[in-house]
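Chains, contacts and geometry: an overview
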Amino acid sequence: MRKLLGTVALVGVMMAPGSVEAQMTVGGLGAYHADLEAIGIGAYATIALPQLHENVSIAPNFIFFFPDGGDYFELNADMIYSFPVAEDAPVSPFALAGINIGRFSGPSVNIPGIGSVGGSSTRVGLNLGGGVAIPMESIRPVVGAKFELRDGSSFVLFAGVGFAVGNLVHQVAEAQS
């Protein structure tokens, strides 16, 4: 488990320096986990990867859910493909796929789609989903849904608002010149 987390973090760190100059969005999000019947709050970042393809980005995020009888959080590392649309399109659809690490702490319970968990339990799975972003000047609302595939499958709805910080490094460098 630690090797997996270390590998994901290393890949993110290696790709981010070249990407941060391109475009980055950071923001907060809310979510509803259907199997836990719980709402959650979290944060995310979206980092463009023009080295791979102009429509590809990575989107790490963290969500803390509030289920009855315990605590549950998820750490996700998703790759996003934004479908090409006209520049004046009101929405920008995307597909996502990635790694999901979920941790439950609390008394032993059986959660549909996740299985029996208790005390503390960590599960690794895959994310598959999609949604739409609403391109605006400096903010970027996003809504979507994803399936989490592990021992069973779970369904999560999410919505958030991100703030564009693209070209931030370049803008700071120009301002100092």
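Higher on the page you've got the structure.
Residues numbered from 1 in each chain as written. Predicted model: local features only at pLDDT ≥ 70, side-chain atom pairs only at ≥ 80, totals over all residues. Heavy atoms only, no water.

Our next topic: the nonpolar core. Ala 31, Leu 36, Phe 65 and Phe 94 are the most contacted members of the largest nonpolar core, which has 18 residues in total. Secondary structure elements with two or more residues in this core: strand 1 (24-33), strand 2 (38-48), strand 3 (56-65), strand 4 (71-82), strand 5 (92-111) and strand 8 (153-164). Ranked by residue count, the leading element in this core is strand 5, at 4 residues. If we ignore the near neighbours within four places in the chain, the residues touching Phe 65 are Ala 31, Tyr 32, His 33, Leu 36, Ala 38, Ile 39, Gly 40, Tyr 72, Glu 74 and Val 156. (Core = buried A, V, L, I, M, F, W, Y, C linked by side-chain atoms within 4.5 Å. Buried < 20%, exposed > 50% of the residue type's maximum accessible area, 1.4 Å probe, protein only. Helix = DSSP H or I, 4+ residues; strand = E, 2+ residues; numbered from the N terminus. Contact = heavy atoms within 4.5 Å.)

Considering all chains together, one arrives at 4 salt bridges under this definition. For Lys 146, the salt bridge goes to Glu 74, with nearest N and O atoms at 3.8 Å. One end of the pair, Lys 146, is in strand 7 (residues 139-149); the other, Glu 74, is in strand 4, and 72 residues separate them in sequence. As far as burial versus exposure is concerned, Lys 146 and Glu 74 are alike and both buried. (Salt bridge = Lys/Arg side-chain N within 4 Å of Asp/Glu carboxyl O.)

On to the pairing of strand 8. Consecutive side chains along a regular strand alternate between the two faces of the sheet. For strand 1 and strand 8, the ladder comprises 9 bridges, and the chain directions are antiparallel. Paired with Tyr 32 across the bridge in strand 8 is Leu 157. Of the strand pairs in this sheet, strand 7 and strand 8 are connected by 11 bridges, and their pairing is antiparallel. Residue pairing across strands places Gly 144 opposite Phe 158, the latter belonging to strand 8. Once strand 7 ends, the chain turns through 3 residues before running back antiparallel as strand 8. (Pairing = 2+ DSSP bridges.)

Scanning the model with the defined rule gives 5 aromatic pairs in all. Aromatic pair Phe 147 and Phe 155: ring centres 5.2 Å apart, planes at 55 degrees, arrangement tilted. (Phe/Tyr/Trp six-rings, centres within 6.5 Å; stacked < 30°, edge-to-face > 60°.)

This paragraph deals with the side chain of Lys 146. Given the relative accessible area of 3%, Lys 146 is considered buried. The contacts of Lys 146, once residues within four sequence positions are left out, are Glu 74, Asn 76, Leu 96, Asn 100, Asn 127, Leu 128, Gly 129, Ser 154, Phe 155, Val 156 and Phe 158.

Counting through the fold element by element, Gly 70 comes out in the loop between strand 3 and strand 4. Separated by 36 residues in sequence, Gly 70 and Gly 106 place their C-alpha atoms 4.2 Å apart. Apart from the residues within four sequence positions on either side, Gly 70 is in contact with Phe 104, Ser 105 and Gly 106.

This brings us to the environment of Phe 147. Residue position: Phe 147 is located in strand 7. What makes Phe 147 partly exposed here is its relative accessible area of 44%. The spatial distance from the C-alpha of Phe 147 to the C-alpha of Gly 129 is 6.0 Å, given a sequence separation of 18 residues. Contacts of Phe 147, omitting those with residues within four sequence positions, involve Leu 126, Asn 127, Leu 128, Ser 154 and Phe 155.

All we've got here are geometric facts, nothing functional implied.
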